[in-house]
Amino acid sequence: MSNMANLAALSLLFISLAGCATYKTTLTDAQGKSVTCEASGKNGLITGIYLKNGFDDCVKAAQANGYNNPPVIAPVPAPAPTAAN
């Protein structure tokens, strides 16, 4: 391989092994109690998988104990203006 090809391969390797990841969500139960699942850290090819799996395990455990993601509340549109008599 040429030096340029080696450099490109090495750069690709470093890019796939570098970075960071953050996963975070808050789940709430019927009584209004909440639990937050969070995982963050360096995100390499293998580490990123472990971070995501740990986060998913936390969410599944919380859901098994009655916690759920809160429903998304859509904004209510303003009423249309009416013509004056």
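Residues numbered from 1 in each chain as written. Predicted model: local features only at pLDDT ≥ 70, side-chain atom pairs only at ≥ 80, totals over all residues. Heavy atoms only, no water.

*Asks:* Honestly, the overall build of the chain in this entry has me stumped. Any pointers?
*Replies:* When its secondary structure is counted, the chain shows two helices and two strands. Beginning at the N terminus, the succession of helices and strands in the chain can be written as α-β-β-α. Here the chain, with 85 residues, has 14% of them falling under the buried criterion. Considering only intrachain contacts with a sequence separation of at least 6, the fraction spanning at least 24 residues in the chain is 48%. A total accessible area of about 6800 Å² is found for the chain, and carbon and sulfur atoms account for 63% of it. (Helix = DSSP H or I, 4+ residues; strand = E, 2+ residues; numbered from the N terminus. Buried < 20%, exposed > 50% of the residue type's maximum accessible area, 1.4 Å probe, protein only. Contact = heavy atoms within 4.5 Å. Areas by Shrake-Rupley, 256 points an atom, 1.4 Å probe, with all protein chains shown as cover.)

*Asks:* Would you mind going over the nonpolar core with me for this structure?
*Replies:* Nonpolar side chains in soluble globular proteins tend to be buried together. Ranked by size, the top nonpolar core spans nine residues in total: Ala-21, Leu-27, Cys-37, Ala-39, Leu-51, Phe-55, Val-59, Ala-62 and Tyr-67. Each residue touching Phe-55, except ones within four places of it in the same chain, is listed here: Tyr-23, Lys-24, Thr-25, Cys-37, Glu-38 and Ala-39. (Core = buried A, V, L, I, M, F, W, Y, C linked by side-chain atoms within 4.5 Å.)

*Asks:* Would you mind showing me how to read the state of the cysteines here?
*Replies:* Disulfides are covalent bonds that link the sulfur atoms of two cysteine residues. One pass over the full model with this rule turns up one disulfide. In this model, Cys-37 is linked to Cys-58 through a disulfide, with the two sulfur atoms separated by 2.1 Å. Judged by the sign of its S-S torsion, about -80 degrees, the cystine formed by Cys-37 and Cys-58 is left-handed. Note that Cys-37 is positioned in strand β2 (residues 34–42) and Cys-58 in helix α2 (residues 45–64), a separation of 21 residues in sequence. Take Cys-37: its relative accessible area is 0%, and that puts it in the buried class. Residue class for Cys-58 comes out partly exposed when judged on its relative accessible area of 28%. (Disulfide = S-S within 2.5 Å.)

*Asks:* For this particular structure, what's the right way to read the pairing of β2?
*Replies:* The side chains of a regular strand alternate between both faces of the sheet. Note: strand β1 (residues 20–28) against β2, nine bridges, orientation antiparallel. When the bridges of β2 are listed, Cys-20 appears paired with Lys-42. The antiparallel hairpin formed by β1 and β2 contains five residues in its connecting segment, where Gly-32 sits at a positive phi of about 90 degrees. (Pairing = 2+ DSSP bridges.)

*Asks:* What is the right way to read the environment of Asn-68 from this model?
*Replies:* As for its placement among the helices and strands, Asn-68 is situated in the segment after α2. Distance from Asn-68 to Val-35, taken between C-alpha atoms, is 9.4 Å for residues 33 residues apart in sequence.

*Asks:* Any chance you could explain the side chain of Asp-29 here in plain terms?
*Replies:* Mapped onto the elements, Asp-29 comes out in the loop between β1 and β2. Of the buried charged residues, Asp-29 lacks a salt bridge, with Lys-33 as the closest side chain of opposite charge at 4.4 Å. At 3.1 Å, the side chain of Asp-29 and the backbone nitrogen of Gln-31 are in polar contact. Here the side chain of Asp-29 touches Lys-33 through a polar contact of 2.8 Å, landing on its backbone nitrogen. (Lys, Arg positive; Asp, Glu negative; His and termini not counted. Salt bridge = Lys/Arg side-chain N within 4 Å of Asp/Glu carboxyl O. Polar contact = N/O pair within 3.5 Å; in protein donor to acceptor, adjacent residues only side chain to side chain.)

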